[in-house]
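# Architecture and fold: a report
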Amino acid sequence: MATLTTSFLVMRWELLSAVMMFFASTLKTKLRQDSRHVMAFMCGGIGLGMTCWFVTGLMGITLSMENVHNFVVISKHAFIDAMSQAPADWPMP
């Protein structure tokens, strides 16, 4: 019994996000059948958000402003590096 309780305490956020994904999917299906497409789109967005939260929780990624800032800086440097290696007469759309 203690093992079960401990596992629920450790996995509480992952379990919550999995349940929310299930409810969002079920509600989205029901709303599409009733031709309420805007509400179905909103439930799909909630489901997508819960999926991202679930995956980041399982991978051990913590979302902080410092991590987001580091991601933006690294992405900017990678983009500038890729563009500096492109030919000068390369057509831009």
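The structure reproduced in this document is the subject of the present report. (Residues numbered from 1 in each chain as written. Predicted model: local features only at pLDDT ≥ 70, side-chain atom pairs only at ≥ 80, totals over all residues. Heavy atoms only, no water.)

Given a rise of 1.5 Å per residue, 22 residues ought to cover 32 Å, and the 32 Å separating the end C-alpha atoms of helix α2 (residues 12–33) matches this to within 8%. Those residues of α2 that sit buried are E14, S17, A24 and L31. Seen from one end, α2 has its buried residues packed into an arc of 120°, which puts them on one side. Exposed positions of α2 whose direction lies more than 90 degrees from the buried face are F22 and Q33. With its phi angle positive at about 60°, S35 sits one or two positions after the end of α2. (Helix = DSSP H or I, 4+ residues; strand = E, 2+ residues; numbered from the N terminus. Expected span 1.5 Å × (residues − 1). Buried < 20%, exposed > 50% of the residue type's maximum accessible area, 1.4 Å probe, protein only. Arc of directions from axis to C-beta.)

Moving on, we get to a nonpolar patch on the surface. A contiguous nonpolar patch, built from W13, L16, M20, I46 and W53 and spanning about 470 Å² of accessible area, is present on the exposed surface. If you list the elements that add at least two residues to the nonpolar patch, you get α2 and α3 (37–59). Position of W53 among the secondary structure elements: in helix α3. (Patch = residues over 30% accessible without salt bridge, like charges linked within 9 Å, V, L, I, M, F, W, Y side chains within 5 Å. Areas by Shrake-Rupley, 256 points an atom, 1.4 Å probe, with all protein chains shown as cover. Salt bridge = Lys/Arg side-chain N within 4 Å of Asp/Glu carboxyl O.)

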